[in-house]
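# Secondary and tertiary structure notes
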Amino acid sequence: MTNLAAQPGVIPYVDNHDGPRRLLTVDMRPFPNMRLTYVPFASIDGRQYVVSWGSVVFEIPADRNVHVSVHLQTNYGAGSSATPFASIVLAPHHEPVRLATQLTSQGGSILPVG
């Protein structure tokens, strides 16, 4: 088994999994006319990561379903708030996968690319 997480820029899968793995790229795109300062978050199987805008690469299991979700968080004003999240469940597969977000102030989606 190759160690995908050893590649520069790849966030390793940290939960217990001894099976094959693959790469997941998530293109985090800010929504148009963003007026507040939002921080993007990505979650892989419930484990949350603060990420940056642009492409983020994760190592994920290839032999079982993987839940991926994204949302935005802000600490603007008197408190913090989050946008509604976008979510997808990836079926088992051994090839790399690429997803792209389409976030709006009312919610969003996360969809396969290609």
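Residues numbered from 1 in each chain as written. Predicted model: local features only at pLDDT ≥ 70, side-chain atom pairs only at ≥ 80, totals over all residues. Heavy atoms only, no water.

## A short note on the pattern of salt bridges
Going through the model one piece at a time under the given rule, you end up with 4 salt bridges. Here Asp-27 ties to Arg-98 by a salt bridge, and the two come within 2.9 Å at their closest N and O atoms. A residue pair is termed long-range when its members are at least 10 positions apart, and Asp-27 in strand β2 (residues 21-28) and Arg-98 in strand β9 (residues 97-104) qualify at 71 residues. (Salt bridge = Lys/Arg side-chain N within 4 Å of Asp/Glu carboxyl O. Helix = DSSP H or I, 4+ residues; strand = E, 2+ residues; numbered from the N terminus.)

## Looking at the side chain of Glu-59
Along the chain, Glu-59 turns up in strand β5 (residues 54-61). Its relative accessible area of 4% is what places Glu-59 among the buried residues. A polar side-chain atom of Glu-59 sits 3.1 Å from the main-chain amide nitrogen of Tyr-13. Of the polar contacts made by the side chain of Glu-59, one reaches the side chain of Arg-21; its length is 3.0 Å. Excluding residues within four positions of it along the chain, Glu-59 makes contact with Asn-3, Leu-4, Ala-5, Val-10, Ile-11, Pro-12, Tyr-13, Arg-21, Arg-22 and Leu-23. (Buried < 20%, exposed > 50% of the residue type's maximum accessible area, 1.4 Å probe, protein only. Polar contact = N/O pair within 3.5 Å; in protein donor to acceptor, adjacent residues only side chain to side chain. Contact = heavy atoms within 4.5 Å.)

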